[in-house]
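Tertiary structure, described
Residue strings, one per chain:
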Amino acid sequence: MEQHATPTPPAPLAQMRILVGAILGGLVMFGVVAFLAVGADGYPPTWAAAGLGALALVAHLTVEAVGYRVPAVAAGTPPQDAAAAGLAAYRSTLMLRLALCEAVAIISLVATFVLEPQTAMTYLVGGTLSVALLAWHVWPSERTTRRLEQQLDRDGGRSGLADALTGHQAGNALL
């Protein structure tokens, strides 16, 4: 009789990339829905496009101010505990950054149906800005990982965040 091996779950980094990729795909689908619902005739009022740009700037500055704040890992913390704390901090800040950056797209989608002329071009402005913000601040990349790892390790502790995200943390096969 054959024994079937239990598949290894993907590394946390892969899981987070799948989540963020799904959100990015959803934003594209919102654009398709807006186009099919109202068409792309006309352009949004200048003040609306400028307002969405200002909203994107506010979202960016807010993410810069609070989106990367994490508690430091204390020096002497056991590696497995430090890695778990680092992963938890990464996940929670990822969700905060995601919500702040995605808000631009959600507001622009509402504006697409509320403002005159009703045009998918309104969503195109806000959706594009939101995708750019998500790509810079939310996509689990080496840059965001390093930035959070520096914050976690600022008091002398070692989180091992990069290794934990890729599933290479020594002594823990479940990550």
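Residues numbered from 1 in each chain as written. Predicted model: local features only at pLDDT ≥ 70, side-chain atom pairs only at ≥ 80, totals over all residues. Heavy atoms only, no water.

**A word on the pattern of salt bridges**
For the coordinates displayed, the defined rule picks out three salt bridges. With a closest N to O distance of 3.8 Å, Arg146 and Glu142 form a salt bridge. Here the residue Arg146 and the residue Glu142 both occupy positions in helix H5 (residues 142-152), the gap between them amounting to four residues, near one helical turn. The partly exposed category is assigned to Arg146, whose relative accessible area is 44%. (Salt bridge = Lys/Arg side-chain N within 4 Å of Asp/Glu carboxyl O. Helix = DSSP H or I, 4+ residues; strand = E, 2+ residues; numbered from the N terminus. Buried < 20%, exposed > 50% of the residue type's maximum accessible area, 1.4 Å probe, protein only.)

**Let's talk about helix H3 (residues 79-114)**
Structural remark: α-helix, 3.6 residues per turn; residues separated by three or four positions point the same way. Between the first and last C-alpha of H3 there are 52 Å, a value that for 36 residues agrees with the 52 Å anticipated at 1.5 Å per step. Where H3 bends most, the angle comes to about 30°, and this point is Glu102. (Expected span 1.5 Å × (residues − 1). Bend = angle between axes of the 7 residues up to and from the residue.)

**With respect to the packing of H3 against H5**
The N-to-C vectors of H3 and H5 enclose an angle of 125°; their axes lie 11 Å apart at closest approach. Between H3 and H5, the angle falls in the class oblique. Here the hand of the crossing between H3 and H5 comes out right-handed. Across from Gly86, Ala89, Tyr90, Thr93 and Arg97 in H3, the residues of H5 making contact are Thr144, Thr145, Leu148 and Leu152. Along the lines of polarity and charge, the residues of the contact of H3 with H5 split into four nonpolar, four polar and one charged. (Axes fitted to C-alpha atoms, helices over the stretch in contact; angles between N-to-C directions. Parallel < 35°, antiparallel > 145°, perpendicular 65-115°, else oblique. Left-handed = near helix turned anticlockwise from the far one by under 90°. Contact = heavy atoms within 4.5 Å. Nonpolar A, V, L, I, M, F, W, Y, C, P; charged D, E, K, R; others polar.)

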